Amino acid sequence: QVQLVESGGGLVQAGGSLRLSCADSGLIVRFNDLGWYRQAPGKQREVVAVITSGEDTNYAASVKGRSTISRDNAKNTVYLQMNSLKAEDTAVYYCYAQIRRGVRQYQYWGQGTQVTISS
């Protein structure tokens, strides 16, 4: 069973920082990929950052250089540290996990946490 629970969202001033956390009820080592997506009002959901089981990372161009994704397998938690926040970072942030079994992919999502950046 997969239960992804996000925390750490809230209201932050532009230029500030925050750290999002996503904890699973089980072992995150079973996931091939973990990541964060976001969805702003009136826009499609977009990828923010992904970390693989080998700890390779990829970032959206819009957050690269000011965000860090990490995973703590002992705590079954994935984090997203975001710095130099901008108004355009305002969105609901969703935790994401994927398991690959051959040609099949199984994707799981958290409920989302709101991040609002005030200018």
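This one's a predicted model, so the numbers in the text were calculated from it and none came from an experiment.

**A word on the overall build of the protein chain**
Argument step 1. The secondary structure content of the protein chain amounts to 0 helices and 11 strands.
Argument step 2. Written out in order from the N terminus, the α and β elements of the protein chain read β-β-β-β-β-β-β-β-β-β-β.
Argument step 3. In terms of overall size, the protein chain behaves like a compact globule, its C-alpha atoms giving a radius of gyration of 14 Å where 119 residues would be expected to give roughly 14 Å.
Argument step 4. Overall, the protein chain is about 45 × 30 × 25 Å in size when its C-alpha atoms are taken along their principal axes.
Argument step 5. Per-residue burial for the protein chain yields a buried fraction of 43% across its 119 residues.
Argument step 6. The long-range share in the protein chain, meaning contacts at least 24 apart out of those at least 6 apart in sequence, stands at 54%.
Argument step 7. Accessible surface, the protein chain: about 6500 Å² in total, of which carbon and sulfur atoms supply 45%.
Argument step 8. Measuring between centres, the 13 positive side-chain charges of the protein chain sit 3 Å from its 9 negative side-chain charges.

**A closer look at unusual backbone geometry**
Argument step 1. You will see that Glu55, though not glycine, has its phi angle at about 70°, which is positive.
Argument step 2. Tracing the chain through its elements places Glu55 in the loop between strand 5 (46-52) and strand 6 (57-59).
Argument step 3. Positive phi, close to 50°, is recorded for Ser84, a residue that is not glycine.

**Details of the state of the cysteines**
Here, disulfide denotes a covalent bond that connects the sulfur atoms of two cysteines.
Argument step 1. For the structure on display, the rule yields 1 disulfide.
Argument step 2. Note that Cys22 is cross-linked by a disulfide to Cys95, the S-S spacing being 2.0 Å. Judged by the sign of its S-S torsion, about -85°, the bond between Cys22 and Cys95 is left-handed. Here the residue Cys22 occupies a position in strand 3 (residues 18-24), and Cys95 occupies one in strand 9 (residues 91-101), the gap between them amounting to 73 residues. Per residue, the accessibility class of Cys22 equals that of Cys95, and both read buried.

**Quick look at the confidence of the model for the protein chain**
Argument step 1. The predicted model of the protein chain averages 95 in pLDDT, with 100% of residues at 70 or higher.
Argument step 2. Of all the helices and strands in the protein chain, strand 10 (residues 104-109) carries the lowest mean pLDDT, 95, while strand 6 carries the highest, 98.

**Observations concerning the sheet that holds strand 8 (residues 77-82)**
Backbone-to-backbone hydrogen bonds pair the strands of a sheet. The strands run either parallel or antiparallel.
Argument step 1. Read from one edge to the other, the open sheet built from 4 strands follows the order 1-3-8-7, with strand pairing classed as antiparallel. Only two strands of the sheet have a single partner each, and these edge strands are strand 1 (4-7) and strand 7 (67-72). Ignoring which end each strand starts from, the neighbouring axes of this sheet average 15° apart.
Argument step 2. In this sheet, strand 8 lies alongside strand 7 in antiparallel orientation, the contact comprising 6 bridges. By the bridge assignment, Ser67 is partnered in strand 8 with Met82.

**Some points on the environment of Trp36**
Argument step 1. Inspection of the secondary structure assignment puts Trp36 in strand 4 (residues 33-39).
Argument step 2. On the basis of relative accessibility, which here comes to 0%, the residue Trp36 falls in the buried class.
Argument step 3. As a C-alpha pair, Trp36 and Tyr79 span 43 residues in sequence and 8.8 Å in three-dimensional space.

About the criteria used
- Residues numbered from 1 in each chain as written.
- Predicted model: local features only at pLDDT ≥ 70, side-chain atom pairs only at ≥ 80, totals over all residues.
- Heavy atoms only, no water.
- Helix = DSSP H or I, 4+ residues; strand = E, 2+ residues; numbered from the N terminus.
- Rg over C-alpha atoms; globule rule 2.2 N^0.38 Å.
- Buried < 20%, exposed > 50% of the residue type's maximum accessible area, 1.4 Å probe, protein only.
- Contact = heavy atoms within 4.5 Å.
- Areas by Shrake-Rupley, 256 points an atom, 1.4 Å probe, with all protein chains shown as cover.
- Lys, Arg positive; Asp, Glu negative; His and termini not counted.
- Charge placed at Lys NZ, Arg CZ, Asp CG, Glu CD.
- Disulfide = S-S within 2.5 Å.
- pLDDT = per-residue confidence, 0-100.
- Pairing = 2+ DSSP bridges.
- Axes fitted to C-alpha atoms, helices over the stretch in contact; angles between N-to-C directions.

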